[in-house]
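# Results of the structural survey
Residues per chain are reported as follows:
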Amino acid sequence: MELTYKAIGLHLLFLYRLGRKTEALYWERLRREISEEANDYLKKAVKSYKRQCKRGGKKLPIYLQYAICDCCYERKFFNF
């Protein structure tokens, strides 16, 4: 969707430079629809996003900086 949005933007640039404003209106409407679809998709993805430990699969808090939980970190580095 992002590439399509960018391609339409480039197409619009050329249309305005050529003075074809009537045709540009169609492409602007299409670009707006694609933008709304992309925003809806991203909103759904953010709502369903869950951070998990890469090693143990335990749920991680959003604020945690690293991709593994404290337990897995300690097991890796402190168990000999």
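Remember, it's a predicted structure, so these values are computed and weren't measured experimentally.

Criteria and thresholds
Residues numbered from 1 in each chain as written. Predicted model: local features only at pLDDT ≥ 70, side-chain atom pairs only at ≥ 80, totals over all residues. Heavy atoms only, no water. Helix = DSSP H or I, 4+ residues; strand = E, 2+ residues; numbered from the N terminus. Expected span 1.5 Å × (residues − 1). Buried < 20%, exposed > 50% of the residue type's maximum accessible area, 1.4 Å probe, protein only. Arc of directions from axis to C-beta. Contact = heavy atoms within 4.5 Å.

## Brief notes about helix H1 (residues 2–17)
In a regular helix each residue adds 1.5 Å, so 16 residues correspond to 22 Å; H1 covers 23 Å between its end C-alpha atoms and thus fits that length. Turning to H1, its buried residues number three or more, namely Ile8, Gly9, Leu12 and Leu15. What you see down the axis of H1 is that its buried residues fit within an arc of 125 degrees, all on one side. Looking at H1, the residues exposed on the side facing more than 90 degrees away from the buried face are Glu2, Leu3, Lys6, Phe14 and Arg17. In this structure, the buried side of H1 is in contact with helix H2 (21–48). Backbone geometry just after H1 places Gly19 at a positive phi near 75 degrees.

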